[in-house]
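Here are the chains, one letter per residue:
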Amino acid sequence: MEPQHDHHHLPGPSLWPVGFAVGIATLLVGLIVSWVVVGVGAAVAVVFGLLWVRELATGRELVAETHPVEDEGVPEKPTGPALPADAGGPALPVTSERFPRSKFLEGATLGLGAVIGGVVTVPAVGFAIAPAFLDQGHPGIDVGPMSDFPEGQYVVATFMENPSQGEVSRRTAFIRNNGMLNGVPSFTVISNRCAHLGCPVQPGGPIFDDKQKTVKSGENQITLIPTTPAGGFICPCHGGAYDTEGNRTAGPPVRGLDRYDFRIENGRLVLSELYSVSHVVGSGADAKIRRFDLHGPGQHVDGPEFWFYPVQAPH
Ligand code: FES
């Protein structure tokens, strides 16, 4: 008698794993680009992951219903006389399909997905989380003793942000000593990077090159040149203009000039992180600064425009 083959309909390929993978990829991209993208990626991954798990669970129930587990128990003892060796059919065991192709494909897909996910995820998560456990504080840029910055006078300071990278990391800041505020030294430290497209802005007034001073600080060489930017700061590229506090007054820049945080160490001025500024109210030591995380040139930090462009490009 011909053996009966039981042909079952295998489920078609599922799209849920694809959606899950897209969600994970979006999440990883978000770790670099923006927390908003991280949230969207996580939501997509969770939704498709749940749908995938539900599909797998219902699939198993279906298989359990269509393939009831037989009670294998203790095999019955053969009864009757033993057959001669040359009697009966071929001596092959009758097997059931214990590892069907669908199971193999499912396992292979999951395994391959896990390997690819691990290769992509582990380094990205490592780079994202490791800094939290390492001392990554800004080492600071020592631009010289406080006495090199006369009170009320702007100084054009150029310095290497990272001396190990050499001159390519040279930056410029406009530094003004505001005197003391409640017994603490106050400085205004404005970056010269234009908030439109990043051109170097210039002081709107004379620069006293003949009074240039060079300060050595470790491997860093700092130049300090006094200036009187009575007209504020001006960008030569597209006519952007700022007042002496770095507020935008004209032209295409979208916000005020960025500023440096600073600290005083052993009587020396040390610059640290850059931050962005929408605008400044007041001036000097009394200025109220609307500060934000550092944004790239051309990026709004507040107002309706910010809501239209909430995702920053990496910078
Ligand atoms: S880059 Fe400064 S105004 Fe355009």
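Definitions and limits used
- Residues numbered from 1 in each chain as written.
- Predicted model: local features only at pLDDT ≥ 70, side-chain atom pairs only at ≥ 80, totals over all residues.
- Heavy atoms only, no water.
- Disulfide = S-S within 2.5 Å.
- Helix = DSSP H or I, 4+ residues; strand = E, 2+ residues; numbered from the N terminus.
- Buried < 20%, exposed > 50% of the residue type's maximum accessible area, 1.4 Å probe, protein only.
- Pairing = 2+ DSSP bridges.
- Salt bridge = Lys/Arg side-chain N within 4 Å of Asp/Glu carboxyl O.
- Core = buried A, V, L, I, M, F, W, Y, C linked by side-chain atoms within 4.5 Å.
- Contact = heavy atoms within 4.5 Å.

Let's talk about the state of the cysteines
Scanning all chains against the criterion turns up one disulfide. In this model, cysteine 199 is linked to cysteine 237 through a disulfide, with the two sulfur atoms separated by 1.9 Å. Note on the cysteine 199 and cysteine 237 pair: the S-S dihedral is about -90°, so by sign convention the disulfide is left-handed. One end of the pair, cysteine 199, is in the loop between β4 (184-191) and β5 (202-203); the other, cysteine 237, is in the loop between β8 (233-234) and β9 (241-242), and 38 residues separate them in sequence. Assessed through its relative accessible area of 17%, cysteine 199 is described here as buried.

Notes on the sheet that holds β8
Pairing within the open sheet is antiparallel, and its four strands lie in the order β5-β8-β9-β10. The open sheet has two edge strands with one neighbour each: β5 and β10 (248-250). Bridge analysis of β5 against β8 gives two bridges, and the strand direction is antiparallel. What sits directly across from glutamine 202, in β8, is isoleucine 234.

Some details on the pattern of salt bridges
Using the criterion set out here, one finds eleven salt bridges in the structure. For glutamate 245, the salt bridge is made with arginine 176, and the minimal N-O distance between the two is 2.9 Å. You can see glutamate 245 sitting in the loop between β9 and β10 and its partner arginine 176 sitting in strand β3 (residues 170-181), a full 69 residues away along the chain. Like glutamate 245, the residue arginine 176 is buried in the burial classification. One salt bridge connects glutamate 265 with arginine 263, and the closest N-O pair in it is separated by 2.5 Å. Its relative accessible area of 37% is what places glutamate 265 among the partly exposed residues.

A closer look at the nonpolar core
Nonpolar side chains in soluble globular proteins tend to end up buried together. If you look at the biggest cluster of nonpolar residues, it comprises 16 residues, and the most contacted ones within it are Val143, Phe149, Phe159, Ile175 and Leu271. If you list the elements that add at least two residues to this core, you get β1 (141-145), β2 (154-160), β3, β4, β7 (220-227) and β12 (268-281). Considering every element that reaches this core, the biggest residue donor is β2, with three residues. Other than its neighbours up to four places away in sequence, phenylalanine 159 contacts Ile141, Val143, Ser169, Arg170, Arg171, Ala173, Asn220, Gln221, Ile222, Tyr260 and Leu271. Counting residues in hydrophobic clusters, the runner-up holds 13 residues, among them Cys199, Ile225, Cys235 and Leu257.

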